[in-house]
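# Notes for the structure review
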Amino acid sequence: MTRIVIIGGGPAGYEAALVAASLGAEVTVVERDGVGGASVLTDCVPSKTFIASAGVMTNVRDSTALGVQGSELATVGIDLPAVNQRVKGLAVAQSADIRARLVAEGVRVLPGQGRLSDEVRGLAEHRVQVVDAVGAVSETLECDVVLIATGADPRVLPGAEPDHERILDWRDVYDIQEMPEHLVVVGSGVTGAEFASGYLEAGVPVTLVSSRDRVLPGEDSDAAEVLEDVFQSRGGRLERGRAAGVRRTEKGVVVELTDGRTVEGSHALMTVGTVPNTDGLNLERCGVELAPSGHVVVDRVSRTSVPGIYAAGDVTGVFQLASVAAMQGRIAMWHALGEAVTPIRLKTVSANVFTHPEIATVGVQEKTLPEGADIEVVRLPLATNARAKMADLRDGFVKLFARQATGVVVGGVVVAPGASELILPIALAVTKGLTVTDLAQTFAIYPSLSGSITEAGRRLMRADALA
Ligand SMILES: Cc1cc2nc3c(=O)[nH]c(=O)nc-3n(C[C@H](O)[C@H](O)[C@H](O)COP(=O)(O)OP(=O)(O)OC[C@H]3O[C@@H](n4cnc5c(N)ncnc54)[C@H](O)[C@@H]3O)c2cc1C
Ligand SMILES: NC(=O)c1ccc[n+]([C@@H]2O[C@H](COP(=O)([O-])OP(=O)(O)OC[C@H]3O[C@@H](n4cnc5c(N)ncnc54)[C@H](O)[C@@H]3O)[C@@H](O)[C@H]2O)c1
């Protein structure tokens, strides 16, 4: 029986464990904080749960336009301790569910910090030590396959170290007892944009410090523009600049920018990226290659430079998404256990920014298209959609990319409330090589936002030259 040790129990680790167990391997997961990983306990699940509450505030605020009375923002508010309790309760419950599933499938779950302890490089067998809370080795596991799935932690900007009271990272926010009087979010990547949008929705004055020309530099620029416009129209403040440091004052915090300007607030939320968790794993000693960024280098079937050692998830820096982490983990196990496996296809990954409105993307994107590429683009503003008009939704659009010659759909962007749900037909088309005609001939519900997707297909459909 193949013996597998997985270090890290987040989506990469637990999904890999489920696959390996179903294929008859002997599987041990070593996890230092809790099954479900940062994804479930501190990052993805908690932030989306918080955003669910904040989003209700937006619905209330916007309902006046639909003729609803008594919905003035002054009369509603967020009960932060109740929201925090809900966030933490849900995370703990989900972690327990995943743990129970692993145990039911015969996976051994060991608490502790895992580290490789191969004494000689290149052996077919590997060793993993489990270190307990006081630093003692509680067990040494011998195995045929190791999966490194240790995730990533918040990057700390020197001079802006979180004090976890006023200078926060995104894992601290569920411990504060009162809503910030004025939140300064530093960093406008996906994490910064989501929290800035969420707190603004919840009624907190927010300043977003963005070191780039546009927030969300990795996203479609039209989508980022919509987001900036909505953020500012709702009272959010954008401050272009790079933070050099953050210091506490008597009343709150001062964010110092590199050009000498300052931004004051009651709290600062640091969202300046992540660092992979590779410290103390003995990777270099065992010959596992790391990129200059510190991420573990893997190929498309999650192999590292050492036979029998795989890596998956945020520690690899390949698209930091729970869905990608999980797929990399599964692929690693299919490969290690001799199953037929398709190498990961990153162009088919769909991703969503949970702001208001949401931004969902899949496939090729405009900014990465080479000059003169054989790609046609159509963009339909949400404001032209009948259902959107009924719900008074004005901000957003559907964008579709297709090959000119064949009509095959190769990418799309949806900016709308619920874009995370609306992207699926485009993702399916991209994954399965469906054409704009396939989309155009699909019945969408009338009236529905998804009608804009089939309409985009029709706009790109060409007359049949053979008709
Ligand atoms: C604020 C925020 C919101 C996000 N929202 C989304 C979202 O909506 N959708 C989405 O797809 N992605 C989201 N992400 C990204 C997503 O959380 C990550 O891509 C995902 O957690 C990666 O999973 P993972 O298994 O690689 O790592 P993790 O979930 O980080 O799990 C790794 C685990 O390994 C443990 N570990 C580390 N070192 C050791 C060791 N030596 N021994 C034992 N255990 C160890 C850690 O404690 C952790 O529990 C978000 C990220 C952030 C920061
Ligand atoms: N909805 C989701 O799926 C979701 C949500 C959150 C995060 N994530 C993923 O997690 C990963 C990390 O995201 P992130 O947003 O935490 O990190 P990031 O690295 O994507 O963004 C950090 C931002 O901070 C900026 N920055 C860095 N130093 C700065 C400074 N001194 N002053 C001002 N700005 C500064 C950078 O320019 C960058 O735009 C990403 O891959 C992201 O996709 C996904």
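Residues numbered from 1 in each chain as written. Chains lettered and ligands numbered in written order. Predicted model: local features only at pLDDT ≥ 70, side-chain atom pairs only at ≥ 80, totals over all residues. Heavy atoms only, no water.

On to the overall build of the chain. The helix and strand tally for the chain stands at 12 helices and 23 strands. Taken over C-alpha atoms, the radius of gyration comes to 24 Å for the chain, in line with the 23 Å a tight globule of 467 residues would show. In terms of overall dimensions, the chain has a C-alpha envelope of 75 × 65 × 45 Å along the principal axes. Counting only residues that meet the buried cut, the chain has 50% of its 467 residues in that class. Taking as baseline every contact in the chain between residues at least 6 positions apart, the subset at least 24 positions apart corresponds to 61%. Computed over 42 positive and 57 negative side-chain charges, the inter-centroid distance for the chain is 3 Å. (Helix = DSSP H or I, 4+ residues; strand = E, 2+ residues; numbered from the N terminus. Rg over C-alpha atoms; globule rule 2.2 N^0.38 Å. Buried < 20%, exposed > 50% of the residue type's maximum accessible area, 1.4 Å probe, protein only. Contact = heavy atoms within 4.5 Å. Lys, Arg positive; Asp, Glu negative; His and termini not counted. Charge placed at Lys NZ, Arg CZ, Asp CG, Glu CD.)

Strand pairing in a sheet is mediated by backbone hydrogen bonds. Such pairs are either parallel or antiparallel. One open sheet accounts for 3 strands, arranged 4-5-6; its pairing is antiparallel. Of all the strands in the sheet, the pair left with one neighbour each is strand 4 (113-116) and strand 6 (137-143). Between one strand axis and the next, the sheet turns through 25 degrees on average, direction left out of account. Where strand 4 meets strand 5 (residues 126-131), 4 bridges bridge the pair, whose relative direction is antiparallel. Bridge pairing in strand 5 links glutamine 113 to valine 131. (Pairing = 2+ DSSP bridges. Axes fitted to C-alpha atoms, helices over the stretch in contact; angles between N-to-C directions.)

Let us now look at the sheet that holds strand 12 (residues 237-240). Taken in spatial order, the 5 strands of this open sheet run 9-16-10-11-12, and their pairing is parallel. At either margin of the open sheet sits one strand with a lone partner, and together these are strand 9 (167-169) and strand 12. Geometrically, the sheet is characterised by an average inter-axis angle of 25 degrees between neighbouring strands, direction not taken into account. In this sheet, strand 11 (residues 206-210) lies alongside strand 10 (residues 183-186) in parallel orientation, the contact comprising 4 bridges.

As a further point, take the environment of alanine 340. In this structure, alanine 340 sits in the loop between helix 7 (322-336) and strand 19 (350-353). The exposed category is assigned to alanine 340, whose relative accessible area is 75%. Spatially, the C-alpha atoms of alanine 340 and isoleucine 309 are 19 Å apart, while their sequence positions differ by 31 residues.

Another aspect to go through is unusual backbone geometry. Cis rather than trans, the peptide bond between histidine 356 and proline 357 has omega equal to -5 degrees. Take proline 357: it is sitting in the loop between strand 19 and strand 20 (358-363). Geometrically, the link from tyrosine 446 to proline 447 is a cis peptide bond, its omega value of -10 degrees lying close to zero. Phi is positive for asparagine 282, which is not a glycine, with a value near 65 degrees. Mapped onto the elements of the fold, asparagine 282 is located in the loop between strand 17 (274-276) and strand 18 (309-311). With phi around 70 degrees, serine 302 is a residue other than glycine that occupies positive phi space.

In this structure, the second largest pocket occupies an estimated 550 Å³ of space. As for the second largest pocket, its lining consists of 23 residues, and the residues nearest its centre are Thr58, Asn59, Asp62, His356 and Pro417. Take the lining of the second largest pocket: its biggest share by element is 7 residues, from helix 3 (residues 44-62). Tallied by class, the residues present in the lining of the second largest pocket amount to 8 nonpolar, 7 polar and 8 charged. Three or more residues apiece are contributed to the lining of the second largest pocket by two domains, here domain 1 (3-153 + 275-346) and domain 3 (357-460). (1 Å grid on protein atoms, 1.4 Å probe; cavity = no way out; pocket = protein on both sides within 12 Å on 5 of 7 lines; lining within 4 Å. Points joined across faces, edges and corners; volume = space filled by probe spheres on them. Nonpolar A, V, L, I, M, F, W, Y, C, P; charged D, E, K, R; others polar. Domains from an automatic or database assignment.)

What follows is about the domain arrangement of the chain. Considered domain by domain, the chain is made up of domain 1 (3-153 + 275-346), domain 2 (156-272) and domain 3 (357-460). Distance from the C-alpha centre of domain 1 to the C-alpha centre of domain 3: 31 Å.

Moving on, we get to the site of ligand 2. In the vicinity of ligand 2 lie 21 residues, with Arg155, Thr191, Glu194, Ala243 and Asn352 positioned nearest. Arginine 242 places a side-chain nitrogen or oxygen 3.4 Å from a nitrogen atom of ligand 2. Taking 840 Å² as the accessible area of ligand 2 by itself, protein coverage stands at 79%. Looking at the shell around ligand 2 element by element, the count peaks at 3 residues for helix 5 (residues 190-201). The residue inventory of the shell around ligand 2, partitioned by class, reads 8 nonpolar, 8 polar and 5 charged. A domain split of the shell around ligand 2 shows at least three residues from each of domain 1 (3-153 + 275-346) and domain 2 (156-272). (Near = heavy atom within 4 Å. Polar contact = N/O pair within 3.5 Å; in protein donor to acceptor, adjacent residues only side chain to side chain. Areas by Shrake-Rupley, 256 points an atom, 1.4 Å probe, with all protein chains shown as cover.)

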